[in-house]
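Read off the chains here:
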Amino acid sequence: MTYASNKLIIFDTTLRDGEQSPGASMTKDEKIRIAKQLERMRVDVIEAGFAAASQGDFDAIKAIAGIVKDSTVCSLSRANDRDISRAAEALAPAARKRIHTFLATSPLHMEMKLRMTPDQVFEQAKRAVKFARQFTDDIEFSPEDASRSDIDFLCRVIEAVIAEGATTINFPDTVGYAVPELFANTIKTLRERIPNSDKAIWSVHCHNDLGMAVANSLAGVMIGGARQVECTINGLGERAGNTALEEIVMAVKTRSAYFNLEVGIDTTQIVPTSKLVSQITGFAVQPNKAVVGANAFAHASGIHQDGILKARETYEIMRAEDVGWSANKIVLGKLSGRNAFKQRLQELGIELESEAEVNAAFARFKELADQKSDIFDEDIMALVSGGQQSLADDYYQFVSLSQRSETGEKPSAKVVFSIDKQEFTCEAQGNGPVDATVNAIESQTKSGAELLLFSVNAITTGTQSQGEVTMRLSKAGRIVNGVGSDLDIVMASAKAYLSALNKLHSKIEKLNPQL
Ligand code: KIV
Ligand code: ZN
């Protein structure tokens with residue numbers, strides 16, 4: 001693919017690097033939903049996973065490769081034949097495919113992690129790119145931990161992999177150590193020193209450990225000459241996360257006179273995508289997060305409100321509607337029929353796989369509409385996200401709950417749920433109704449999992465809103481997030497807890513690409 005020199009390629013790695021965030025692992029269906037939304041947002045490249053990491057990742061990449069038509073679909077792979085072949089196999093159905101292979105080049109990683117000499121790394125990098133080229137002519141190479149690598153060695157490796165056919169050279173700040181000026185100047189120097197550097201598109205991939213991922217990426221573009229930014233929705237990712245896609249895109253658009261770059265993203269899809277990723281992963285977006293935080297366009301101070309009313313530009317540099325914020329709109333109600341519901345699903349880009357799934361979602365919608373008069377888009381999205389519905393084949397399934405709490409009394413909860421289709425009724429007390437609910441479930445499941453996080457968010461505004469609960473559990477080194485939503489936050493908590501137990505039960509094991 002050839003691009004204009006001012007085109008900024010947006011490479012989204014929510015489904016790969018974002019998913020590496022502890023607890024953010026997604027099912028195949030969830031990944032497909034996000035991939036479709038990324039395509040709708042017109043992301044150029046979707047890194048759909050790491051095919052050799054697990055059968056689940058392989059299947060998800062293959063499914064996405066078969067569905068996505070407009071974006072390039074990419075798989076990560078270590079620099080060995082097996083990983084590359086696995087990536088190629090998973091990507092086979094894709095209209096446009098990319099293999100992204102990587103190998104660490106910093107002295108620390110080569111010596112302590114890979115236990116390889118620089119010469120061995122050099123040979124393996126070349127060999128990997130040459131091997132990958134037989135499957136596609138769109139090959140990306142990343143010298144992992146590039147920002148802590150020796151510049152002479154980087155010149156040697158990068159020149160060689162471009163000669164072998166790498167078409168994108170990605171410069172990863174794997175541990176978030178870089179600072180903008182140094183980071184950008186290193187890329188600039190590499191591009192000047194490497195004789196065939198113009199045969200590849202240069203890319204940046206930054207982590208946010210020092211809170212500089214977006215700044216480093218933009219410096220890499222403006223000073224270093226990179227024309228691809230690797231990023232994730234909401235900045236999701238391991239540790240402090242990756243470069244946030246929404247911040248890069250809106251910086252380039254809002255300051256277009258300075259950047260003078262073209263981005264193909266449909267910005268009105270940014271907030272819906274952010275909400276989808278947050279709902280699926282259970283990673284709430286902080287209210288003051290740039291662009292997609294609930295307060296990003298809220299003006300509380302009287303002076304600001306007055307200014308905004310007189311001329312919006314006084315305090316607003318972007319328009320909320322341009323990034324997809326719409327005031328909570330009542331979209332459906334108790335009397336809405338199945339057709340209206342189905343049409344709204346379509347408008348929201350939610351494609352349920354079978355009529356049976358539409359029927360099940362519609363039944364949940366009717367149940368909700370009986371309890372709550374106004375149904376918003378956010379409610380509909382929650383209805384079809386992991387937390388609200390028990391899937392027929394889930395090992396643990398929520399049935400019902402009653403709880404009692406009164407000032408001066410110890411709260412108690414009675415939870416009815418099934419384990420492998422057998423129903424149990426369990427009662428327990430706790431320090432609060434949620435604690436009592438978890439104790440009741442644990443009295444039967446005895447999972448022994450440690451609760452790392454319990455958070456409650458209102459899906460829409462007002463006290464009529466459904467509560468969305470996230471429970472993060474850890475057991476034997478695995479961390480999972482469960483999400484549940486309900487008008488009753490104690491019920492939402494029970495659903496979230498059971499959803500996390502289901503994930504622990506599924507025992508999907510993955511390799512970490514950095515290992
Ligand atoms: O952070 C990193 O170095 C990566 C590479 C695999 C590109 O994610
Ligand atoms: Zn990374």
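Everything numeric in this text was worked out from a predicted model, so none of it was measured.

(A) Looking closely at the coordination of the zinc ion (ligand 2). At 2.0 to 2.1 Å from the zinc ion (ligand 2) lie its protein donor atoms, namely D17 (OD), H205 (NE2) and H207 (NE2). Sequence spacing among the residues donating to the zinc ion (ligand 2) works out to D-x187-H-x1-H. Placement of D17 in the loop between β1 (9-12) and α1 (28-40) and of H207 in the loop between β7 (201-206) and α8 (213-222) is noted, with a sequence separation of 190 residues between them. We note that D17, like H207, is buried.

(B) Local environment of the pattern of salt bridges. Applying the stated criterion to the full structure yields 31 salt bridges. A salt bridge links R78 to D83, with the shortest nitrogen-to-oxygen separation between them at 2.9 Å. Overall, the relative accessible area of 19% leaves R78 in the buried class. Of the charged contacts, one joins R312 and E316 as a salt bridge, the two residues approaching to 3.3 Å between their closest N and O atoms. According to the relative accessible area criterion, R312 is partly exposed, its value standing at 30%. The network of salt bridges with shared partners includes R16, D17 and E47.

(C) Quick peek at the sheet that holds strand β15 (residues 467-475). On the basis of which strands lie adjacent, the open sheet formed by 3 strands has the order β14-β15-β16 and antiparallel pairing. The open sheet is flanked by β14 (450-458) and β16 (478-486), the only strands paired with a single partner. This sheet shows a mean twist of 15° between the axes of neighbouring strands, independent of strand direction. Bridge count for β15 against β16 is 9 bridges, and the pairing is antiparallel. Counted as the bridge partner of K475 is R478 from β16.

(D) Region of the structure containing the domain arrangement of the protein chain. Partitioning the protein chain into domains gives domain 1 (9-281), domain 2 (297-327), domain 3 (328-388) and domain 4 (396-505). Computed from C-alpha coordinates alone, the two centres of domain 2 and domain 3 are separated by 31 Å.

Procedures and definitions
- Residues numbered from 1 in each chain as written.
- Chains lettered and ligands numbered in written order.
- Predicted model: local features only at pLDDT ≥ 70, side-chain atom pairs only at ≥ 80, totals over all residues.
- Heavy atoms only, no water.
- Donors = N, O, S within 2.8 Å, 3.2 Å for Na, K, Ca; no water.
- Helix = DSSP H or I, 4+ residues; strand = E, 2+ residues; numbered from the N terminus.
- Buried < 20%, exposed > 50% of the residue type's maximum accessible area, 1.4 Å probe, protein only.
- Salt bridge = Lys/Arg side-chain N within 4 Å of Asp/Glu carboxyl O.
- Pairing = 2+ DSSP bridges.
- Axes fitted to C-alpha atoms, helices over the stretch in contact; angles between N-to-C directions.
- Domains from an automatic or database assignment.

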